[in-house]
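Summary of structural features
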Amino acid sequence: MNDQTPKQIVVAGFGFTSNATPESFAQALKATGYKDKIDLLATPSDKALQPAFLDFGRAQRLIANAVTRNALEAAETKTQSFLSRLMRRTGSVAEAAALAAAGPGSTLIVTRQISNDRMATCAIAKGADA
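Quick look at the structure, then.

Let's shift gears to the packing of aromatic side chains. Under the criterion given, the structure shown has seven aromatic pairs. Taking the centre distance of 5.9 Å and the plane angle of 65° together, the rings of F14 and F53 count as edge-to-face. One end of the pair, F14, is in strand β1 (residues 10-16); the other, F53, is in helix α2 (residues 51-60), with 39 residues separating them in the sequence. Classification of F14 by relative accessible area gives buried; the value is 0%. In this structure F53 comes out as buried when scored by relative accessible area, which is 1%. By the ring-pair criterion, three or more aromatic residues cluster together here, those being F14, F16, F25, F53 and F56. Note that K47 overlies the ring of F16, its terminal NZ or CZ placed 4.9 Å from the centroid.

With that out of the way, let us pick up α2. Looking at α2, one finds that the buried residues are A52, F53, F56 and G57. Seen along its axis, α2 keeps its buried residues to an arc of 140°; they face one direction. Among the exposed residues of α2, those pointing more than 90 degrees away from its buried face are P51, R58 and A59. Looking at the packing, one finds that the buried side of α2 touches β1, α1 (22-32), β2 (40-44) and β3 (64-67). Trailing α2 by a residue or two, R61 shows a phi angle of about 60°, which is positive.

On to the nonpolar core. Generally speaking, a soluble globular protein has its nonpolar side chains buried in company with each other. A12, F14, F25, L29, I38 and I124 are the most contacted members of the largest nonpolar core, which has 19 residues in total. For this core, the secondary structure elements donating two or more residues are β1, α1, α2 and β5 (120-126). The element best represented in this core is β1, accounting for four residues. With 16 residues, the next largest nonpolar core counts V67, L72, A94 and A125 among its residues.

With that settled, consider the sheet that holds β1. Strand order in the open sheet made by the five strands is β3-β2-β1-β5-β4, with mixed pairing throughout. Because the sheet does not close on itself, it has two edges, and the strands there are β3 and β4 (107-114). Put simply, the sheet's adjacent strands are angled 25° from each other on average, direction ignored. Pairing analysis gives five bridges linking β4 to β5, with the strands arranged antiparallel. Looking at the pairing, Q113 lines up with C122 of β5. Contacts from α2 reach β1, β2 and β3, with the element oriented near 170° to β2.

The rules behind these values
- Residues numbered from 1 in each chain as written.
- Predicted model: local features only at pLDDT ≥ 70, side-chain atom pairs only at ≥ 80, totals over all residues.
- Heavy atoms only, no water.
- Phe/Tyr/Trp six-rings, centres within 6.5 Å; stacked < 30°, edge-to-face > 60°.
- Helix = DSSP H or I, 4+ residues; strand = E, 2+ residues; numbered from the N terminus.
- Buried < 20%, exposed > 50% of the residue type's maximum accessible area, 1.4 Å probe, protein only.
- Lys NZ or Arg CZ within 6 Å of the ring centre and 35° of its normal.
- Arc of directions from axis to C-beta.
- Contact = heavy atoms within 4.5 Å.
- Core = buried A, V, L, I, M, F, W, Y, C linked by side-chain atoms within 4.5 Å.
- Pairing = 2+ DSSP bridges.
- Axes fitted to C-alpha atoms, helices over the stretch in contact; angles between N-to-C directions.

Written out as structure tokens, the structure is:
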């Protein structure tokens, strides 16, 4: 490889309830089994400033991308949750957030996984070659 190799952004997308804790996010991320570097966190814009999510982001030393409702709805998810479809018009908030933040042409590396306490979900997406 040389220095001209395109960089692919890796995004951990999250969906969560208002009762989620930093541990909820950590469990959901761990459940994905993804061990490589993550570049960015993503979640719906109305959740991006939740204190527990911000605390988790600081602990991971990652910033969060606030994903708009339109971007969530436009993402094609592999997982189809009835509740996510009803409340957010997407099959999986975590998958949609990850895909939207990773940009056009992105793909899922890991589909939605659920934290042990069932308060958070996480999915991992990789952006297209930049």
